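Read off the chains here:
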Amino acid sequence: MWDDLKAAAEAGRDRSILGLFEADADRAGSFSVTALDLLFDYSKTQIDAGTRDILIALAQAADVEARRDAMFAGSKINETEGRAVLHTALRNLDGDPVMVDGQDVMPEVLDTLARMETVANDVRASDFTDVVNIGIGGSDLGPAMAYLALSPYCDGPRCHFVSNVDAADIADTLRGCDPEKTLFIVASKTFTTIETMTNARTARAWLQDHGVSTDGRFIALSSNAVAASEWGIPSERVLGFEDWVGGRYSMWGPIGLSLMIAIGPDGFRAFLRGGQSMDRHFRVAALHENMPVFLALVGIWHNQGLGHATRAVLPYDNRLSRLPAYLQQLEMESNGKSVAMDGTALPVNSGPVVWGEPGTNGQHAFYQLIHQGTRVIPCEFMVAAEGHEADLRHHHELLIANCLAQSEALMRGRSLDEARAIMAKKGLSGDELERQARHRVFPGNRPSTTLMMPKLTPEVLGQIIALYEHRVFVEGVILGINSFDQWGVELGKELATSLGPLVSGDAPADSKDGSTQALLGYVKRYS
C-alpha cells in the first residue's frame, strides 16, 4: 500500500498549492473537515482529490475502522502488553457498558469519578491555598498543560506541577508555598517511579522540617494502593486506575485530579464531555469526513509520503503554550517505534519530531527557518475565534491576523521579481539591487493546516485532546505499530538506576565505557 503513497508523493512534491486554489474556487470548503465546534482546514497543503483518495485507501487497507471498533470494544489491542486500551471509558459519562474480559468496567469508572469529585470538593472547601502535583510524563504533562489552558476557569487553590528530579524544580515550587496550607498529590501508577518518589520524599521532609504533620497532606493517584499505604497514604486517599489506561492517556481519570480541583467538578465534567463527543464523532463519521482520520492522513502524507521529518505545532493562544510539549509525548512516545506489531522492521519512517511554541512569540524566533530555511517544515496552526478578555478584543484580532498571515505567507512566498520590485522602490539598482532582492525571496509553497475553535473552554479543550489522541491512534494503525507501549523509555531508566552508586562513589566505574568514566571523574572533582 505504500507504493501508491510514494507514487503520489513523487507526483505531488512540487505541486503548487496556489495553483490548487486557482483550479478550485471551493477548495477551502472541499479540503476541510468540521466536527462539533472545530474546523480543520487542510486546503493549504499539496493534497489534491486524487491524493486524498489514495490516503483514504491507505486507511481502508490498514483496517482503521475495524481497529477503532476493537479499541472501543475493549479488545486487547496493546498486544505486546496484553492489555485493552480504554482511556475513552474514563470520559464515557453516559455509562454505556464497556466490556473487558467479560466484565463491564463502567460502574467502577463512574465510582472513581464520584470519589474524585468528593475529594476535589473537600479540597476546594478547605483552607488549602496550594496544591502540588508530583508526577512525571503522563502524570504531569496533561494536567499541567490543561491547568494553564483553562486558567480563566480556575477558581480553586493554586496548582503547581513538579516533575523533574532536578532539585531546582521542587525547591523553586515550594519556595512560594505555605507549609500549613499546601496539599500534595503524588501521581505514579506503580508508586515506584524514581523521579516522582524522590520528589515526594522531599515534599514530606519539607513539611516535617517546618513542624507540619503529614497527616491529610498527601493524596496518591496510583494503582498500587499497598505501596501508597506503606508510604503513609491511607487507602481512602488513594485514587486508582486500571492497566488499560496508559500514562499519556490518563488525564481523563484520577491523574486529572489537580485540574478538577482547579476548575471544579462541573468544569471537569465539561472537559470529559468534550472528549466523549469527539469519541462519538470518531466512531460514526465516514472516513472522508472524520476529523481524527484526516488529521492523521495529512500527517502521514507529510511525513511518510513527502519525507518531512518534523511537525511544528503552533497554537496562537498563550494559554496553550504547554500543548506542543504535551503532544510531543503523545505522538513521539506512542509512535516512535521501528518495528511493526509482528516484530518486523517498518518499511517506512515512523512518527515525526513534534515541536512548537505559541504564536506570536515563535514569529520572532524560529519562523525564519520555517519560511526561508532549506527544509520544509509542515506547520499546524491553531486559533480561537474569540478570546476570554472581552475588553482586549483588539489584542485577539491582532493574534488572529498574525495566525492567518503566517499560513498565507508560507503558501504564497515572495518571488525574486517581487523582491526586485521592492528593492527598486527603495532606490537600489544594479548588483546591489540583485543582491538585496535575493535575501528577500521566500520560496513559498510550504504546507500548513489550521485548526479553529470558537473559544478555548473546558469542553473544547476536551474535544481537541481527544482529537489528537485519535489522530495518533490512526497513524499507528496505518504504520502497523503498537501505539500503546513505550519500551524505549525503559533502558535509560535501568541504566540510571545502575549508575546511581557510581555517581555517589559507592561503586567503581571500571565496568563503564571510557566516556562515562571520564564524565563521572569530572563529577567527583566537584562533589
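Model, not experiment: these values are computed from the prediction.

Requested: an account of the overall build of the protein, with residues and values cited.
What the protein contains, in helices and strands, is 20 helices and 13 strands. Scaling as 2.2 N^0.38, a compact globule of 527 residues should have a C-alpha radius of gyration of about 24 Å, and the protein matches this with 25 Å. By its C-alpha atoms, the protein is 75 × 60 × 60 Å across when sized along the principal axes. Counting across all 527 residues of the protein, residues that qualify as buried make up 51%. Contacts in the protein between residues far apart in sequence, at least 24 positions, make up 74% of those at least 6 positions apart.

Account for the environment of Val 293, with residues named and values stated.
Note on placement: Val 293 falls in helix H12 (residues 291-305). Val 293 sits 182 residues away from Glu 475 along the chain, and the two C-alpha atoms are 8.3 Å apart.

Explain the nonpolar core to me, using residue names and the numbers behind them.
In globular proteins that are soluble, nonpolar side chains generally tend to be buried together. Within the largest apolar cluster, 114 residues are counted, with the highest numbers of intra-cluster contacts made by Trp 244, Leu 257, Leu 461 and Ile 478. Per element, the largest residue contribution to this core is 13 residues, and it comes from helix H18 (residues 458-479). Leu 461 has contacts with Met 145, Ala 146, Ala 149, Leu 150, Phe 271, Leu 320 and Leu 456, leaving out every residue within four places of it along the chain.

How would you summarise the pairing of strand S13 (residues 448-453) if you had to cite specific residues and measurements?
Among the six residues in S13, five count as buried, and that is most of the element. Strand direction decides the pairing type here: strand S12 (residues 379-384) and S13, joined by six bridges, are parallel. Residue pairing for S13: Phe 381 is matched across the bridge by Thr 450.

Break down the sheet that holds strand S7 (residues 182-187) for me, citing the residues and quoting the values.
On the basis of which strands lie adjacent, the open sheet formed by five strands has the order S6-S5-S7-S8-S9 and parallel pairing. What marks the edges here is a single partner per strand, and that holds for strand S6 (158-162) and strand S9 (238-239). For S7 and strand S8 (residues 218-221), the ladder comprises four bridges, and the chain directions are parallel. Residue pairing in the sheet places Ile 185 in a bridge with Ile 219 of S8. In the packing of helix H8 (residues 167-175) onto the sheet, the strands contacted are strand S5 (130-134), S6 and S7, and the crossing angle to S6 comes to about 165°.

Mind laying out the layout of surface pockets, listing which residues take part and the relevant values?
A water-sized probe, rolled over the atoms, reveals where empty space remains. The computed volume of the largest pocket comes to approximately 1000 Å³. Taken together, 38 residues line the largest pocket, and the ones lying closest to its centre are Thr 193, Gln 486, Val 489, Glu 490 and Lys 493. For the lining of the largest pocket, the elements supplying multiple residues, two or more each, are helix H9 (194-209), helix H13 (323-335) and helix H19 (490-504). Considering every element that reaches the lining of the largest pocket, the biggest residue donor is H19, with four residues. Looking at the lining of the largest pocket residue by residue, the classes come out as 14 nonpolar, 15 polar and nine charged.

Can you tell me about the side chain of Arg 217, naming the residues and giving the values?
Relative to the elements of secondary structure, Arg 217 occurs in the loop between H9 and S8. From its side chain, Arg 217 meets the backbone oxygen of Pro 179 in a polar contact 3.0 Å long. A polar contact of 3.1 Å, which involves the side chain of Arg 217, links it to the backbone oxygen of Glu 180.

Describe the packing of aromatic side chains, and please don't skip the residues or the numbers.
Two numbers describe a pair of aromatic rings. These are the distance of the centres and the angle of the planes. Within the structure shown, the criterion is met by 18 aromatic pairs. Geometrically, the ring pair formed by Phe 473 and Phe 484 is tilted, given 6.3 Å between the ring centres and 35° between the ring planes. On the criterion of sequence distance, the pair formed by Phe 473 in helix H18 and Phe 484 in the loop between H18 and H19 is long-range, its members being eleven residues apart. Under the relative-accessibility criterion, Phe 473 is labelled buried at 3%. Judged by its relative accessible area of 11%, Phe 484 falls in the buried class. Taken together, the aromatic side chains of Phe 72, Tyr 249, Phe 282, Phe 473 and Phe 484 make up a single cluster linked through ring pairs. Taking the ring centre of Phe 31 as reference, the NZ or CZ of Arg 27 above it sits at 4.2 Å.

Pulling in residues and values, what's your account of the packing of helix H4 (residues 49-61) against H12?
For the pair H4 and H12, interaxial distance at closest approach is 10 Å and the crossing angle is 110°. Considering the angle they form, H4 stands roughly perpendicular to H12. Contacts between H4 and H12 involve Thr 51, Arg 52, Leu 55, Ile 56, Leu 58 and Ala 59 on the former and, on the latter, Phe 294, Leu 297, Ile 300 and Trp 301. Class assignment for the residues of the contact of H4 with H12 results in eight nonpolar, one polar and one charged.

Help me get a handle on the pattern of salt bridges, residues and values and all.
Overall, the coordinates contain 29 salt bridges when judged by the stated rule. The shortest N-O distance in the salt bridge between Asp 243 and Arg 83 comes to 3.9 Å. Here the residue Asp 243 occupies a position in the loop between S9 and helix H11 (257-284), and Arg 83 occupies one in the loop between helix H5 (64-72) and strand S3 (99-100), the gap between them amounting to 160 residues. Residue classification places Asp 243 among the partly exposed residues on the basis of a relative accessible area of 40%. Take Arg 83: its relative accessible area is 27%, and that puts it in the partly exposed class. Linked through salt bridges whose partners overlap, the residues forming this network are Arg 311, Glu 331, Glu 380, Arg 471 and Glu 475.

Quick notes on the rules
Residues numbered from 1 in each chain as written. Predicted model: local features only at pLDDT ≥ 70, side-chain atom pairs only at ≥ 80, totals over all residues. Heavy atoms only, no water. Helix = DSSP H or I, 4+ residues; strand = E, 2+ residues; numbered from the N terminus. Rg over C-alpha atoms; globule rule 2.2 N^0.38 Å. Buried < 20%, exposed > 50% of the residue type's maximum accessible area, 1.4 Å probe, protein only. Contact = heavy atoms within 4.5 Å. Core = buried A, V, L, I, M, F, W, Y, C linked by side-chain atoms within 4.5 Å. Pairing = 2+ DSSP bridges. Axes fitted to C-alpha atoms, helices over the stretch in contact; angles between N-to-C directions. 1 Å grid on protein atoms, 1.4 Å probe; cavity = no way out; pocket = protein on both sides within 12 Å on 5 of 7 lines; lining within 4 Å. Points joined across faces, edges and corners; volume = space filled by probe spheres on them. Nonpolar A, V, L, I, M, F, W, Y, C, P; charged D, E, K, R; others polar. Polar contact = N/O pair within 3.5 Å; in protein donor to acceptor, adjacent residues only side chain to side chain. Phe/Tyr/Trp six-rings, centres within 6.5 Å; stacked < 30°, edge-to-face > 60°. Lys NZ or Arg CZ within 6 Å of the ring centre and 35° of its normal. Parallel < 35°, antiparallel > 145°, perpendicular 65-115°, else oblique. Salt bridge = Lys/Arg side-chain N within 4 Å of Asp/Glu carboxyl O.

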